[in-house]
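Remarks on the overall topology
What follows is each chain in one-letter form.
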Amino acid sequence: LPCIAPGGLTMPNMNSARQFLSRHKDELEKVREQFGVEPEIAVAIVLVETGLGSFLGNEPAAESLAGMAACRDPEEMRPYLKGYAFNAATVAWLSKIMPQRADWAYNELKALLAYGQKHNLDVLAMPGSVYGAVGLCQFMPSNIEPYGVDATGKGWVDLFTAADALHSLANYLKEHGWKAELSAAGKHEIILH
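Residues numbered from 1 in each chain as written. Predicted model: local features only at pLDDT ≥ 70, side-chain atom pairs only at ≥ 80, totals over all residues. Heavy atoms only, no water.

Each pocket or cavity is described by its volume, and for the largest pocket that value is around 610 Å³. Mapped onto the lining of the largest pocket, the elements with two or more residues apiece are α3 (39-50), α7 (162-175) and α8 (184-192). Among the elements that line the lining of the largest pocket, the one with the most residues is α3, at 4 residues. Its boundaries defined by the atoms lining it, the second largest pocket holds a volume of some 530 Å³. The wall of the second largest pocket is formed by 16 residues, among which G67, M68, C71, M77 and R101 lie closest to the centre. For the lining of the second largest pocket, the secondary structure elements donating two or more residues are α4 (61-70) and α5 (88-119). Among the elements that make up the lining of the second largest pocket, the one with the highest residue count is α5 (5 residues). (1 Å grid on protein atoms, 1.4 Å probe; cavity = no way out; pocket = protein on both sides within 12 Å on 5 of 7 lines; lining within 4 Å. Points joined across faces, edges and corners; volume = space filled by probe spheres on them. Helix = DSSP H or I, 4+ residues; strand = E, 2+ residues; numbered from the N terminus.)

Listing the buried residues of α8 in full gives G186, K187 and I190. Along the axis of α8, the buried residues cluster in a sector spanning 95 degrees; they form a single face. Exposed and oriented more than 90 degrees from the buried face of α8 are A184, A185, E189 and L192. Elements that come into contact with the buried residues of α8 comprise α7. (Buried < 20%, exposed > 50% of the residue type's maximum accessible area, 1.4 Å probe, protein only. Arc of directions from axis to C-beta. Contact = heavy atoms within 4.5 Å.)

Nothing here speaks to function; it is all geometry.
So, in C-alpha cells, the structure goes:
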C-alpha cells in the first residue's frame, strides 16, 4: 500500500521532496542518464511509497509474508476478526483468493530468504509493508534479483539506501518499457504497472 507521507501532497511533504531532490541530485542525474527516468518521477514514487523513507513498514517483511503464506482458509481468520459478519459471498471469495495469496506470499518469502542468504543479511529484521515490500521504493522480494541495481558497488543491492533504491526503481521502469520520449500517458501506464 502506498504510504505517502501523512497529509498527502502538503507543502511540508513537497518541501521534503525538494530537499530529497537536492540532496540526491547527482544520483538522480545518473538515473536520468542511464535509464531515462526524470528525477521528479523517481522522487515522487519514493514519496508515495515510503514518504521518502520515513515509513518503511511496521512489521518485518518476513513476518508479513509468512503470515500470508500460512493462512489459506477463511476460518483461520475468524478469531482475529471478532464482530465481523462473514456472509456466504465473502467466504466464497476468500476461499478462492486466500490459497492464491498464500502461494504468492510463500514464493515472495522464499525470494526474500534467498536474497538474505546470498548476501548474509538479517532479513528477519528487515522492515516491510503489510505485503512484504521492502526498501525506499518498496520492491517485492522477487523483484530484487532481476531489477535491483548495486549503484554503490558494495556487492549487493541495498534498497534501504537512496542510490540503490533510485537506480533499482529506474531499472524496473525501464525494463517495463519506460523511455524518456514516451508520452505522459505512456509513462503513467508503466508507473501503474
